[in-house]
Amino acid sequence: MWALFAFLSALFAALTSILAKIGIEGVNSNLATAIRTLVVVFLAWGMVFLTKGQTGLANISKKSWTFLILSGLATGASWLCYYRALQLGKASEVVPIDKLSVVMTLILAFLFLHEDFSIKALIGCILIGGGTLMMIR
């Protein structure tokens, strides 16, 4: 089931890029990010209440709060940079560079989460990195 959600995530991320590129024309990139964020906030909290997930709010540990807040800050920084890049560049060039996050995530997961870094992962990183370089002129 996780693979289906991962595929849907990729599909929605692709739609995000195309829709954002169209919508950001003539709009300040920070304002566009704020609008997008507001929509995401309402959608996320709507899902929390729809699934009755709010009952777990009191059980979140300080460690989880800290890392979820840090993750939110990283997300915000990513979105602000992404929208500015989309505003300044072509979606077909911005998106491949953004997807280098796959390579960076694998490396960080190896370093900080002590996840396995296999030959298969190394080859994938090289192919993604090389493919990105080929796609950006």
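Residues numbered from 1 in each chain as written. Predicted model: local features only at pLDDT ≥ 70, side-chain atom pairs only at ≥ 80, totals over all residues. Heavy atoms only, no water.

Teacher, can you tell me more about the nonpolar core here?
One recurring pattern in soluble globular proteins: nonpolar side chains tend to sit buried together. In terms of nonpolar packing, the biggest core is built from nine residues, these being Ala-20, Ile-24, Ala-32, Tyr-82, Tyr-83, Leu-86, Ala-91, Val-94 and Val-95. Those elements giving two or more residues to this core turn out to be helix 3 (62–88) and helix 4 (91–98). (Core = buried A, V, L, I, M, F, W, Y, C linked by side-chain atoms within 4.5 Å. Buried < 20%, exposed > 50% of the residue type's maximum accessible area, 1.4 Å probe, protein only. Helix = DSSP H or I, 4+ residues; strand = E, 2+ residues; numbered from the N terminus.)

Please clarify how the UniProt feature "transmembrane region" (unreviewed entry) in the protein should be interpreted in this entry.
UniProt tags residues 30–53 and 65–85 as "transmembrane region" (unreviewed entry). As annotated, residues 30–53 has a helix share of 88% and a strand share of 0%, and its two end C-alpha atoms lie 30 Å apart. The straight-line gap between the two end C-alpha atoms of residues 65–85 is 30 Å; of that span, 100% is helix and 0% is strand. (UniProt positions renumbered as here; feature names shortened; annotations may be inferred.)

For this particular structure, what's the right way to read the pattern of salt bridges?
By the definition in use, this model includes one salt bridge. In this structure, the salt-bridge partner of Lys-99 is Asp-98, at a minimum N-O distance of 3.4 Å. Assessed through its relative accessible area of 25%, Asp-98 is described here as partly exposed. (Salt bridge = Lys/Arg side-chain N within 4 Å of Asp/Glu carboxyl O.)

In this structure, what is going on with the packing of aromatic side chains? I would like to understand it.
What characterises a pair of aromatic rings is the spacing of the ring centres plus the angle enclosed by the ring planes. Per the stated rule, a full pass over the model turns up three aromatic pairs. For the ring pair Trp-45 and Phe-49, a centre distance of 5.9 Å and an interplane angle of 35 degrees mean the geometry is tilted. Remark: Phe-49 and Trp-45 occur in helix 2 (residues 29–50); sequence separation between them is four residues, near one turn of the helix. The ring of Trp-79 is capped by Arg-36, whose NZ or CZ atom sits 4.1 Å from the centre of that ring. (Phe/Tyr/Trp six-rings, centres within 6.5 Å; stacked < 30°, edge-to-face > 60°. Lys NZ or Arg CZ within 6 Å of the ring centre and 35° of its normal.)

Any chance you could explain helix 3 here in plain terms?
One turn of an α-helix holds 3.6 residues; hence residues three or four places apart share an orientation. Look at helix 3: 39 Å from first C-alpha to last across 27 residues, which is about the 39 Å you get at 1.5 Å a residue. Of the positions making up helix 3, those classed as buried are Trp-79, Tyr-82, Tyr-83 and Leu-86. Against the buried residues of helix 3 lie helix 1 (2–23), helix 2 and helix 4. (Expected span 1.5 Å × (residues − 1). Contact = heavy atoms within 4.5 Å.)

Hey, could you run me through the side chain of Thr-33 in this one?
Tracing the backbone through its elements, the reader meets Thr-33 in helix 2. Contacts of Thr-33, omitting those with residues within four sequence positions, involve Trp-79, Leu-80 and Tyr-83.

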